[in-house]
Amino acid sequence: MKKLLLAMLLLLTCSFSFSQSIQGTVTDEQKTPLPGVSIVIDGTQSGTTTDFDGKYSIIADPGSVLIFTYLGMKPQRKTVGSNRVINVTMTQDAESLDEVIVTALGVESKKVSLANSIQNIKAEELIEGNQTNMVNGLQGKVSGVNIVSSGGAPGTSSIILIRGGSSITGNNQPLFVVDGIPIDNSTNSSLDVASTNRASDINPNDIASISVLKGPAAAALYGIQAASGAVIITTKKGQAGVSQVSYSGSLSVDKILGTPDVQSQYGQGMQVGSGADMEYDPESSFSWGAPISAGTPLYFNMEEFYKTAITQNHNVSYSSGNEKSNIYFSIGDLSQDGIVPSTSYDKTSFKINANSKLGNNFTVGISGNYINTKTSSTRQGNSSGGSLNSLLAYPVNVNARDYLNDDGSQKPFFLDQQFDNAYWSIDNSPNTDDVKRLIGVLTLNYNFLNDFNLTYKVGTDDYHEFNKRIIGTGSLIENREDGYISQFEKDHSRLTSNLFLRYNKTIAEDFTLDAMIGHSVEELDVRTTYTTGDGFQAPGIYSISNVSIENQQITEVINRKRIVGVFGDLKLGWKNALFLTATGRNDWSSTLPADKRSFFYPSVGMSAVLTDLFDFSSDELNFLKLRATWARVGKDAPIGWLESSLGKNLNGAASSGYAWNGVNVGNPNLEPEFTNSYEFGADMRFLKNRIALELTYYNSKSDNQILTEIRVPPTTGTFYATLNGGSIENSGVEALLSARILTNPDRFTWETVFNFGTNQSEVVALPGFLSEVYLSDSWTFRNSAAGAAILNGSLFGLRGKRPEKNENGQVIVQSNGLPNLEDATYHNINRLPDWSLGITNTFGYKNLSLSFLFDIAQGQDIYNATESALVYYGQSQNTLDRGQTIVIEGVDTNGNPNQTPVIMNQAYYQNYYALNSENFVEDGSFARLRYVTLSYKLPTTILDKLSLSAMEIYATGRNLFTISDYSGVDPDVNTFGAGISGAGSMYIDNLGTANTKGFDLGLRFTF
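Residues numbered from 1 in each chain as written. Predicted model: local features only at pLDDT ≥ 70, side-chain atom pairs only at ≥ 80, totals over all residues. Heavy atoms only, no water.

## Side note on the overall build of the protein
So, step 1. Of the regular secondary structure elements, the protein holds 10 helices and 55 strands.
So, step 2. Whereas a compact globule of 1007 residues would reach a radius of gyration of roughly 30 Å, the protein reaches 32 Å, a difference of no more than 12%.
So, step 3. Counting only residues that meet the buried cut, the protein has 55% of its 1007 residues in that class.
So, step 4. In the protein, 68% of the contacts between residues at least 6 apart in sequence involve partners at least 24 apart.
So, step 5. Per element, the accessible surface of the protein, about 42,300 Å² overall, is 54% carbon and sulfur. (Helix = DSSP H or I, 4+ residues; strand = E, 2+ residues; numbered from the N terminus. Rg over C-alpha atoms; globule rule 2.2 N^0.38 Å. Buried < 20%, exposed > 50% of the residue type's maximum accessible area, 1.4 Å probe, protein only. Contact = heavy atoms within 4.5 Å. Areas by Shrake-Rupley, 256 points an atom, 1.4 Å probe, with all protein chains shown as cover.)

Written out as structure tokens, the structure is:
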């Protein structure tokens, strides 16, 4: 018995002695550590990955083989021997010489074979600036892309424009695609309350990579929806041989960038009379009163209104996988406090991504994402009770915090006040938005006959939104003293079905064929119920059921749309160096007439890797590729614009019958619009791939525009029209330069990336006698100006009230010394930057890393409507010369030089100066330090003691400084957000909440 036990013990000891811990570091050819390298023991499901320093540790038996794999690198196989330290140097894969990126329809392609411009953003790049809206995470990181946030209120929307705009009145936002399925990125109107764009629902921590398809050629297979480009989001998955739990969290502190600089020499009042008879009436919201006496208490109401905001962001994920299946699961929770009291943005998300291989050829994948967002907002812009609009009506000698009577009612500070105090609105006029969203994708993938692949992907994007906006009981707004409620409930459902068959074959030794045919169906169903109620029966109960039936109005709007498409893609390759690509797609859209709803559009492209074709690469020039594409893409009409709507009860004496009201005018003869584009590019790499340069020139022309809500003369029998006509031309240059300047991991590393882009969006034609097209939603304070598309000018132009001029361009001055103001267009205004440049630098020293993004936008014009409002109320520093006499340059009605003096009094400033839009057009060029992040990765010696595989501590500063000549608070402004289509409201500053500057402390670890 003892011998048997001894033998078993000896056997057990021997068996354990064979297993040993293998450690090492994985680097590239420049000795730069490679994080995330997959290491798997051949023939098993056991494995690990390298940490942030490229280090790994794995238990393996002598004689077993370790397989090292990393994207874009050649796989390495190492046999375990007696040496317990195995360091690996991975080399560039000569066959690909480039990254593999996700392109249209979720297909992975080698970038070397692509003929069009596609830029890929990896997960770590996206989250570097710690932005809560993932769209803002792309700022300054993609050449040729302009992204502008609508302000610093929590949850506000961001507009993204790829290569300008292709539509005069339609949507210019790109298509957003998650795991191969298009999702909604709409934005509600932000005229009264700041709204978010739906793409911000996606948790940035769940994103593995983003591919930006810039031109119609890149996005041609997506069809109608991708006429303005596409943003392809791939979410994280589990990795084979790796099981890990990860946590990331941050605590942020934010403050407003600033508030308008107001004058403090003159107090409450308005001017009555003139000259020696000038008097001041104190019963006013204006600051045109008498000079403020010394010792009078001053209240800088706008500065004191905003507070410091705290944000918490926590994310936990679990991932695991083997050769047959993998899973990724995450929970994210964001609690963002607003700089405006009572405002907030809360988002909770759950994400699961599971894939399983059934047999050798069949794979099933399931992706699900549930998001719940809750937003509490304050009013903004022209709305009564809006933060700035209300506060600037309080002169500096009036305390805006003193707004309550002893009985708790709102206290006006002058007779006949007809607007609400901002603090009172916060407490009594809440604005809330609650969205529950589910994005689900099912993917079936089958490989057969060696060269064929059949993929079916079906996905849904469903959400329910409940939005409520209140004016509380006790409001001072005219006819709103009993309160007012406006709410809507939206049920949005988008179902997408994609089926495609791929064939990939090496025909001969040097020839490859990659072909695909596919079919897609998309159904959109949006049902919205709008309800308004005037006057609450019981004060303080803000429910529609607290409004009498006769004071309620209910409207239901149903929007339905179906798009059916067939498409094909053919790619021929020779020696993996010369590629010819052709695509074609035909769509049938339900929003067009039956005889015009079918339309076809193709694309063709070619790329040639000259260094491989002619074998002339060297250490100085490693890689040179030339590429060219041409594409045509179509766009259908918005939902419901084929037919006109009838109105009910045109006036108080009308019957209840329906009649023509001249609005909501459709056109049953609409045709699709088309965009034709071409681009040329070159991709180069130098000095053993340490420097990479991509250059692209593009040109696109969008013809036969579908124009909606076009204002026409009343003689036509209507106010609006819907028609085809007009043309936009976009052209520009893009450049992406990346360099690894220092690569010694034992000392310093330095990597830098430059993203440069120019764009010109010109309106080259409009139908009929139109000289401009504008949307009334972008009207600014007192309707002084609005964004507009200008014939022979910019798509992102401006129209506004300007002094009347004669045929010689001279201002015509009337007998009172002032010109008449008329609505006119600006042909020289462009609210899009002439050029933009994003500069990202990353420095490393051992475990320390410092990165920052410097974002530059030059040449854009801003309309400063906020300053116009300050002038109107007498708060502006520019009104301190009040009382002086000037002579306006121009001619009188007879053509003689004007010599009539005019006093710069309240009437002059309010009725002329503040309405003259020429006074508020400024150069909006700026350079902004978007973020600076300092991080420290704990060394392996500490990680081993904590039983962690990686841990990082970081600190981030956001929007630390801005260099600009703009007189307003924030030149990076888009008050009305992404909810305005066409010419939009980019770089229009109209009483919104300025962006914030902040500081973050964060922690990430994995075990």
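Alright, that's what it looks like, and here's the rest.
## Some words on a nonpolar patch on the surface
So, step 1. Together, Leu 570, Leu 572, Leu 580, Val 604, Met 606, Trp 630, Tyr 678, Phe 680, Tyr 697 and Val 733 make up a nonpolar patch on the protein surface, roughly 830 Å² of accessible area in all.
So, step 2. The set of elements that each furnish at least two residues to the nonpolar patch consists of β28 (552-574), β30 (598-609) and β34 (673-686).
So, step 3. Along the chain, Phe 680 turns up in strand β34.
So, step 4. By relative accessible area, Phe 680 is classed as partly exposed at 48%. (Patch = residues over 30% accessible without salt bridge, like charges linked within 9 Å, V, L, I, M, F, W, Y side chains within 5 Å. Salt bridge = Lys/Arg side-chain N within 4 Å of Asp/Glu carboxyl O.)

## Some details on a negative patch on the surface
So, step 1. A cluster of acidic side chains, namely Asp 416, Glu 478, Glu 481 and Asp 482, defines a negative patch on the protein surface.
So, step 2. Of note, Asp 416 is situated in the loop between α5 (387-391) and α6 (422-428).
So, step 3. Taking relative accessible area as the criterion, Asp 416 reaches 62% and is therefore assigned exposed. (Lys, Arg positive; Asp, Glu negative; His and termini not counted. Charge placed at Lys NZ, Arg CZ, Asp CG, Glu CD.)

## As for the nonpolar core
So, step 1. Judged by nonpolar contacts, the single largest core of 52 residues is most densely connected at Phe 305 and Tyr 908.
So, step 2. Counting residues per element, this core draws most heavily on helix α8 (residues 865-873), at 6 residues.
So, step 3. For Tyr 908, the residues in contact, after removing those within four places along its chain, are Leu 818, Ile 886, Ile 888, Val 902, Ile 903 and Tyr 913.
So, step 4. One finds Ile 159, Ile 710, Leu 766 and Ala 857 within the second-largest nonpolar core, a separate group that totals 23 residues. (Core = buried A, V, L, I, M, F, W, Y, C linked by side-chain atoms within 4.5 Å.)

## Some remarks on the sheet that holds strand β7 (residues 88-89)
So, step 1. If you trace the 3 strands from one edge of the open sheet to the other, you get β4-β1-β7, paired in mixed fashion. Among the strands making up the open sheet, the edge pair consists of β4 (55-60) and β7.
So, step 2. Relative to β4, strand β1 (residues 20-27) is paired through 6 bridges, and the arrangement is antiparallel. Note on β4: the bridge partner recorded for Thr 25 is Lys 55. (Pairing = 2+ DSSP bridges.)

## Considering the environment of Tyr 678
So, step 1. With respect to the secondary-structure elements, Tyr 678 resides in strand β34.
So, step 2. Separated by 111 residues in sequence, Tyr 678 and Phe 567 have C-alpha atoms that sit 20 Å apart.
So, step 3. The contact partners of Tyr 678, leaving out residues within four places of it in the chain, are Thr 629, Trp 630, Tyr 697, Tyr 698 and Asn 699.

## Some details on the pairing of strand β21 (residues 325-337)
So, step 1. Residues Asn 326, Tyr 328, Ser 330, Gly 332, Leu 334 and Gln 336 line the buried face of β21, whereas the alternating positions Ser 325, Ile 327, Phe 329, Ile 331, Asp 333, Ser 335 and Asp 337 sit on a face that is not buried.
So, step 2. With 11 bridges joining them, strand β20 (residues 309-321) and β21 adopt antiparallel strand pairing. Bridge pairing links Val 316 to Ile 331 in β21.
So, step 3. Here β20 folds back onto β21 in antiparallel fashion, the turn holding 3 residues.
So, step 4. In the sheet, β21 pairs with strand β22 (residues 344-358) via 13 bridges, with the strands oriented antiparallel. What sits directly across from Ile 331, in β22, is Phe 350.
So, step 5. If you look at the hairpin formed by β21 and β22, you'll find 6 residues sitting between the two strands, and Ser 342 has a positive phi there, around 80 degrees.

## Re empty space enclosed by the protein
So, step 1. Under the definition given, this model contains 12 cavities of 30 Å³ or more.
So, step 2. By volume, the largest cavity amounts to about 500 Å³.
So, step 3. Taken together, 35 residues make up the lining of the largest cavity; nearest its centre are Gln 131, Thr 132, Asn 136, Gln 336 and Thr 996.
So, step 4. Where the lining of the largest cavity is concerned, the elements lending two or more residues are β17 (244-256), β20, β21, β51 (926-937) and β55 (996-1006).
So, step 5. When the residues that make up the lining of the largest cavity are grouped by side-chain class, the tally is 6 nonpolar, 22 polar and 7 charged. (1 Å grid on protein atoms, 1.4 Å probe; cavity = no way out; pocket = protein on both sides within 12 Å on 5 of 7 lines; lining within 4 Å. Points joined across faces, edges and corners; volume = space filled by probe spheres on them. Nonpolar A, V, L, I, M, F, W, Y, C, P; charged D, E, K, R; others polar.)

## Topic: the pattern of salt bridges
So, step 1. With the rule as written, the count across this model stands at 36 salt bridges.
So, step 2. Ionic pairing is found between Arg 198 and Asp 201, a salt bridge with its closest N-O pair at 2.8 Å.
So, step 3. The exposure class assigned to Arg 198 is buried, which follows from its relative accessible area of 3%.
So, step 4. For Asp 1000, the salt bridge is made with Arg 958, and the minimal N-O distance between the two is 2.8 Å. Placement of the pair is Asp 1000 in strand β55 and Arg 958 in strand β52 (residues 950-958), with a sequence separation of 42 residues.
So, step 5. Looking at Asp 1000, the relative accessible area reads 0%, which means it is buried.
So, step 6. The exposure class of Arg 958 is buried, given its relative accessible area of 8%.

## Remarks on the pairing of strand β2 (residues 38-41)
So, step 1. Burial along β2 is two-sided: Ser 38 and Val 40 and Ile 39 and Ile 41, pointing in opposite directions, are all buried.
So, step 2. Of the strand pairs in this sheet, β2 and strand β3 (residues 47-49) are connected by 3 bridges, and their pairing is antiparallel. Residue pairing across strands places Ser 38 opposite Thr 49, the latter belonging to β3.
So, step 3. Pairing of β2 with strand β5 (residues 65-69), which is carried by 4 bridges, proceeds in the antiparallel orientation.

## Quick notes on α8
So, step 1. Among the 9 residues that make up α8, 9 are buried, leaving the element largely enclosed by the rest of the structure.
So, step 2. Within α8, the full set of buried residues consists of Ala 865, Thr 866, Glu 867, Ser 868, Ala 869, Leu 870, Val 871, Tyr 872 and Tyr 873.
So, step 3. Those residues of α8 that are buried lie in contact with α4 (301-305), α5, β47 (861-864), α9 (906-913) and β54 (988-989).
So, step 4. In the stretch just after α8, Gly 874 is the one whose phi turns positive, near 80 degrees.

## Some points on the packing of aromatic side chains
So, step 1. Here the structure, examined in full by the defined rule, presents 40 aromatic pairs.
So, step 2. Between Phe 414 and Phe 419, the ring centres sit 6.2 Å apart and the planes meet at 40 degrees, which makes this aromatic pair tilted. In this structure, Phe 414 and Phe 419 share a single accessibility class: buried.
So, step 3. Look at Tyr 774 and Trp 779: their rings are 5.5 Å apart centre to centre, the planes differ by 75 degrees, and that puts the pair in the edge-to-face class. (Phe/Tyr/Trp six-rings, centres within 6.5 Å; stacked < 30°, edge-to-face > 60°.)

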